[in-house]
Structures are given as structure tokens and as C-alpha cells.
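Analysis of the macromolecular model
As a plain string of letters, each chain reads:
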Amino acid sequence: MALTVVVFYLFVRGKMSIEIVSLLAIAIIAVGLYFYPMPHTQPTDGLQLAFAGFGHYALITICALMVMGRGLVVTGALEPAARMLERVFKFNLQTGLLLSLVLAFVLSMGVNNTPVLVLLIPIFVTLAARGAMPASKTLMPLNASSLLGGLATTIGTSTNILVVAIAVDLGMPRMGVFHFTPIVLMASLVALPYIWLVMPRMLRDNTPEIGHGNRWFHTRLRVPPSSNLIGKHFDEVVDMLPDDFRFEERPDGPFASGQRLRISGTHDALEDAVRVLEGQIAPGWVVDQIQRQSASKRQDMKVVEMVITSDSRLIERTLATSGIADRFGVAVLGIHRPDRPLMFDQEQSTGDLRFAEGDVLLVMGLSEALSEFIQSDSLLQLEGEREVPRRAKAWLAATIMGVSVGMASLGILPIAIASLGGAILMFLTGCVKFDRVGRALSGQVIVLVAASIAIGRFVLDSGAAGWLGETLSLGLQYLPPAGVIAAVMIFVTVLTNFASNATAATVGTPIAFSIATELGLPQEPLVLAVLFGCNLCYATPIAYQTNMLIMAEGSYNFPDYMRTGVPLVLIMVVTLSYLLAMTYGM
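As the structure is a prediction and not an experimental result, all values here were calculated from the model.

Below, the discussion takes up the overall build of the protein chain. Secondary structure summary: the protein chain contains 26 helices and eight strands in total. Scored against the burial criterion, the 586 residues of the protein chain give a buried share of 52%. By sequence separation, contacts in the protein chain at least 24 residues apart represent 78% of the contacts at least 6 residues apart. In the structure as shown, the protein chain presents an accessible area of about 25,500 Å², 62% of it carried by carbon and sulfur atoms.

As C-alpha cells, this is what we get:
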């Protein structure tokens, strides 16, 4: 227990990184148990306990889910869902968040909450990138809501199933799927306002500061024969376009094939407008050439921002006279000029922009071509390189994720096997490239999961959890029934947040039976107190695998979980304890 307390203190203090604290915990357990093994064990058993987390099915599951989530993002598979939710968030941010929380809650009642959150995380990361609420302010509330939904039925989480199975083994009648759903629904009505209105305000905006986010690029919209603009008037399409996009010139009549109109907007807005209008912001033959090279070389297309320096040959030239596309095989998508008026070449009928020192070019191409362009024309690459989504594989990635989640949700395959199979298929089909795995995985989450598994095993095998339970039962005889329920729930909640919910279920259920027998109380409400406590895993990132899934995407740290999770735990403990006592007439 001393080790658990020290590790918790170091996590909360935040002076040392989570990775260092986690590795130190593993090292202390390994070295300590090697020289001072537990009774009836060998020194090497301690090494196995300390390092078993790196091969644990929970860690494999989390890594596989991260890989599948990456596949959905890089293929753009979730963009339609993100656009639909974006419209709700644009109508009202709070309404959009509330609907999302209710959706996560309802889905998690009938489907294991882990797959539900795996589907929602990439959608809300995409929404954040499109200007909705920051991911750091939505993922934590979504996780809390999905855990609440999983609490409402016996099949909502694997922990619920485990507690019910142990209770049946100890002689209690089996509970139906919706046996305690009314109690949880009433408690959720109390907790949901906190999750919806308070929790986002307690979280920082952890969106990385990227200077290029607000750059306004100027370019030309080309109207190809296939565009749905043809025959329409300007007023018919203007309402379909993003807010941070505008036409710099309007056609005299309806749009016609072959027109080239000056437009401007942010990078994201230009992408959205081109998709909606089915137009082009670079010559079609250049884009086709880049796409063919990308397919033949099996390389991702990238979009890079680069600055024209004083030594560049591009200064005073236009895009047409520079020969960029012919020489390097890259496409210039737009030009940003900071704090200076744009200069157009009036001597040519095209009226193209003339480059100047300090201009920021938005350029698409393959890595080698982009590097050659930068070196040859004396350019300076800025941060914020993006990969162009492989949209041709979007449906494939969505299908792989859907089948994996469906098989895990229906119980056809364990979630570890379903997610691992889905991750392998993502690799084999090219939805995720092998050399991009590092971007999908979080080293911080990996060592944290491994350390939490080792600590949980250590707390259980050393007898510390059993000792805590026995100590707890000594003082409960002086409490009212609702206080007994609350004490059991708090005890199990502490075990859940600092060991694991499986440990809490395994230790807490027999203790609840024993306490009920000794105090002459009904067994079912105390068993439900254990079940509920096992799911109140909001206060630490190590408490549940979905807590760790959101950690990297939301850029959360340990205090974020404590700050938002502890009040929610207290709300649920007080409300559920009162409702259990009232329901069972205690």
C-alpha cells in the first residue's frame, strides 16, 4: 500500500513525468520482490509480476484500438459523421455536447462502453480540428457519460458481468439485464448536469498552439466540367460554404465550366469548399500525377507550408511563370501574405499573384518532391505538416472498425481478439502504414497501463486489499444502512481507481457478502454498491482502459482526472447510496 500511495503522490504532484513515475514503480516492484519475495513465491516470480503488464491483454487491446482509431482518421472515414455533428455544434455548442453525452450514455447501456468510446474519440478529435469545442473539453465528459451508461445494465461493462458472476457463485440469485437500471437512471439525472455544464469548464484548452491555424490563403477555384457549380448562381451556393471562406470575385452570371475565380480562406475552409463545390484549387493534371505517384510508390501525399526567403528565385514570379509543377511535381494550393497587400500580375490575362519575400505557400506533394522544391528554391518549411487523407480507403477502414466493434459488442469475440484482428487488417489493407504506427500509439499510455497492472497485481497478491476490507468492516457496525453502503462503495472505488476494477470486483464482492451477514443487512444492495463502486473510475487515468484511451488525444495529465473525477465520484456515491437504501427499505 505504501508504494501505491507514493506513486499516487508523484502522479498528482506532477513534478516528474508520468512515464518516469510508471517505470520507477515497475522497477521498484521488480527489484523489491526479487530480493524480498512474497511468501511461497520465488524471486523470479516478482519479475514476472512487475513486467507482465507489457504483455497483458488490456494493453494489447488499448494499442490495437489506438491503431484502428488512427486508421479512421487518416482515411477520413469519420468526416461525414463529423460534419453532421458539426452542424449541431454550430447551432449551439452546449446543445451539441448534450446530445453527444446522451448518445454515448444510451449506446453504452447495450454495448460495451469501450467500443463506443473508440468510435466517438476520432469523431470529436476531427470536430475539434474543424473548429468545434476543443477535444480536451469534450473527451473527458464523453468518457464519463459512457461509463455512466455502462453502469446502467449488467452487460454494460465487463466488470458488471464479473461482479454478477461472483455474486451468483456466492449464492445470490442472478440479476436481469435491467435489474438496477432505474436506480442508475435517477442517479444519472443528478450527475449529468455536472458532466455537461461544469466538467468542461474545469478542463483546460489543451489544443496545441499552431501558428498557421489562422493563415488566410488566396488561390483560384477552377470549375471543371464535373462540378455541381455549373449552371448555378452565386446566391445559390454561398450558404453552403464555411464561414472562413469567401469568393474574392463573383461571376457575372451562372457558373460555367472552365471558369477560374479568385477565392480565399483558411486551409480547412478551402478543403471543405472544394469538396462541397466539386472544384479544384490546383491544375487537375498536377493532382492526378501526384495521386498516381502516391499509389505507385505507396507513399502518403502531404500538405506543407513553406516561406519564401530572400534568396528564392520565385520572388517577382507568378505561379504560371515559375514552372513549379513541371519542375518538381508539386501543387501550390494557396498563398498567404502576412500584413501586406497582394500583388497581381496585370500584364497577363490570368492576373496571377506574384510571389514576394515572406509569402507562405501551401504546397501538396510527396515527401521527396517537397524536399527537392524546398532546397532548390530556397524555401523554409514551417511546422504543421499534414497527410492528405486516403479517402479511397475510407469505407474499408470504417468496415473494419464496424465489424471489430460489432463482434466485440455481441460477444462473438473477446474485445482483445476483435481489436487485434482489426488492427492487423488495417495494416494489411494499407489503411494504416507500418511506418506510421508510432503516431498511433502513445508511449505514455503504454508504460502507464503496464505500471497500473503491476501495482494492481501487487496490491492483490500481497494481501493489502484483503487487509483493507477487514479493517473497513470493523467500523461499519456504528453506521446507518446508507452509511454502510456508502463506505463499501467508497472502498471499492478507491481500489478501482488505484489498482483495477477487476481487483476491486474480486476483493469487494466477497467482503460485501461478509459485511451483510455480520450486520444483518440484505446482500443485494451491498453487492450493487460493489458493482457501482467498480464503475466509478473517474478519478485517475489508470482506473479504466477508456481513461487511458482519451489521455493522449485530450493531452490530459493526472491532476485533470482528479480535479474533474473526484467531485463526480462524490456525487454518484451520495446519490446511489441514498437510492439503494430507499429502494431496499433499509
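Resuming the write-up.
Taken over all residues, the pLDDT of the protein chain has a mean of 78, while the share at 70 or more is 81%. The model gives residues 344–351 a pLDDT under 50, and that stretch makes 14 contacts with residues more than four places away or in other chains.

Moving on: the nonpolar core. Core analysis: the biggest nonpolar cluster contains 100 residues, and Phe-124, Met-489, Phe-532, Tyr-538, Leu-568 and Met-572 have the highest contact counts within it. Residues contacting Phe-124, with those up to four places away along its chain left out, are Leu-85, Phe-89, Ser-100, Ala-135, Thr-138, Leu-139 and Leu-142. Ile-263, Val-360, Leu-362 and Val-388 belong to the second-largest nonpolar core, a separate cluster that totals 33 residues.

Bringing unusual backbone geometry into the picture now. If you check the backbone angles, Ser-378 has positive phi at about 55° while not being a glycine. Secondary-structure assignment places Ser-378 in the loop between α16 (367–376) and β7 (379–381). You can call Ser-378 partly exposed: its relative accessible area is 26%.

When you tally the buried positions in strand β5 (residues 331–336), you get six out of six residues, the bulk of the element. Here five bridges tie β5 to strand β6 (residues 360–365), and the two strands are oriented antiparallel to one another. Residue pairing in the sheet places Gly-334 in a bridge with Leu-362 of β6.

Note: strand β1 (residues 217–222) against strand β3 (residues 260–265), six bridges, orientation antiparallel. Note that in β3 the partner of His-218 across the bridge is Ser-264. Two elements, strand β2 (residues 245–247) and β3, share three bridges in a ladder whose sense is antiparallel. Each residue of the ladder has a partner; that of Phe-245, found in β3, is Gly-265.

A few words now on the environment of Leu-261. Mapped onto the secondary structure, Leu-261 falls in strand β3. Between the C-alpha atom of Leu-261 and that of Phe-247, which follows or precedes it by 14 residues, the distance is 7.5 Å. With sequence-adjacent residues up to four places away left out, Leu-261 is seen in contact with Thr-219, Arg-220, Leu-221, Phe-247, Glu-249, Pro-251 and Phe-255.

Contact geometry for helix α8 (residues 135–151) and helix α10 (residues 181–202): axes closest at 9 Å, N-to-C directions at 175°. One finds that α8 runs roughly antiparallel with respect to α10. Within the contact between the two elements, α8 uses Lys-137, Met-140, Pro-141, Ala-144, Ser-145, Leu-148 and Leu-151 and α10 uses Val-184, Ser-188, Ala-191, Ile-195, Met-199, Pro-200 and Arg-201. Taken together, the residues of the contact of α8 with α10 sort by class into ten nonpolar, two polar and two charged.

Each packed pair of helices is defined by two parameters, the angle between the axes and the distance between the axes. Contact geometry of α8 with helix α25 (residues 545–554) gives a least axis separation of 9 Å together with a crossing angle of 170°. Between α8 and α25, the angle is such that the two are roughly antiparallel. Judged by residue contacts, Ala-135, Ser-136, Leu-139, Met-140, Asn-143 and Leu-147 of α8 engage Thr-546, Asn-547, Ile-550, Glu-553 and Gly-554 from α25. Taken together, the residues of the contact of α8 with α25 break down into five nonpolar, five polar and one charged.

Helical geometry note: an α-helix holds 3.6 residues per turn, so side chains three or four residues apart project in the same direction. Listed as buried for α16 are Ala-369, Leu-370, Phe-373 and Ile-374. With its buried residues spanning 135° around the axis, α16 presents them on a single face. Projecting away from the buried face of α16 at angles above 90 degrees are the exposed residues Glu-368 and Gln-375. Buried residues in α16 make contact with β4 (302–308), α15 (324–328), β6 and β7.

With that settled, consider a nonpolar patch on the surface. On the surface, Leu-23, Val-31, Tyr-34, Phe-35, Tyr-36, Leu-47, Phe-51 and Phe-54 cluster together into a nonpolar patch covering about 840 Å² of accessible area. Elements represented by at least two residues in the nonpolar patch include exactly α2 (18–35) and α3 (43–51). The leading source of residues in the nonpolar patch is α2, at four residues. With respect to the helices, strands and loops of the structure, Tyr-36 is situated in the loop between α2 and α3. Relative accessible area serves as the criterion here: at 67%, Tyr-36 is assigned to the exposed category.

Moving on, we get to the packing of aromatic side chains. As enumerated under the stated definition, the model contains six aromatic pairs in all. Note on Phe-245 and Phe-247: the rings are 5.6 Å apart at their centroids and 85° apart in plane angle, and the pair reads as edge-to-face. The buried category is assigned to Phe-247, whose relative accessible area is 11%. Seen in terms of ring centroids, Phe-328 and Phe-373 are 5.2 Å apart; in terms of plane orientation they differ by 45°. Their pairing is tilted. Of this pair, Phe-328 sits in helix α15 while Phe-373 sits in helix α16; the two residues are 45 residues apart in sequence, bridging distant segments of the chain. With relative accessibility at 8%, the residue Phe-328 sits in the buried group. The class of Phe-373 is buried, set by a relative accessible area of 0%. These aromatic residues form a ring-pair network of at least three members: Phe-234, Phe-245, Phe-247 and Phe-255.

Parameters at a glance
- Residues numbered from 1 in each chain as written.
- Predicted model: local features only at pLDDT ≥ 70, side-chain atom pairs only at ≥ 80, totals over all residues.
- Heavy atoms only, no water.
- Helix = DSSP H or I, 4+ residues; strand = E, 2+ residues; numbered from the N terminus.
- Buried < 20%, exposed > 50% of the residue type's maximum accessible area, 1.4 Å probe, protein only.
- Contact = heavy atoms within 4.5 Å.
- Areas by Shrake-Rupley, 256 points an atom, 1.4 Å probe, with all protein chains shown as cover.
- pLDDT = per-residue confidence, 0-100.
- Core = buried A, V, L, I, M, F, W, Y, C linked by side-chain atoms within 4.5 Å.
- Pairing = 2+ DSSP bridges.
- Axes fitted to C-alpha atoms, helices over the stretch in contact; angles between N-to-C directions.
- Parallel < 35°, antiparallel > 145°, perpendicular 65-115°, else oblique.
- Nonpolar A, V, L, I, M, F, W, Y, C, P; charged D, E, K, R; others polar.
- Arc of directions from axis to C-beta.
- Patch = residues over 30% accessible without salt bridge, like charges linked within 9 Å, V, L, I, M, F, W, Y side chains within 5 Å.
- Salt bridge = Lys/Arg side-chain N within 4 Å of Asp/Glu carboxyl O.
- Phe/Tyr/Trp six-rings, centres within 6.5 Å; stacked < 30°, edge-to-face > 60°.

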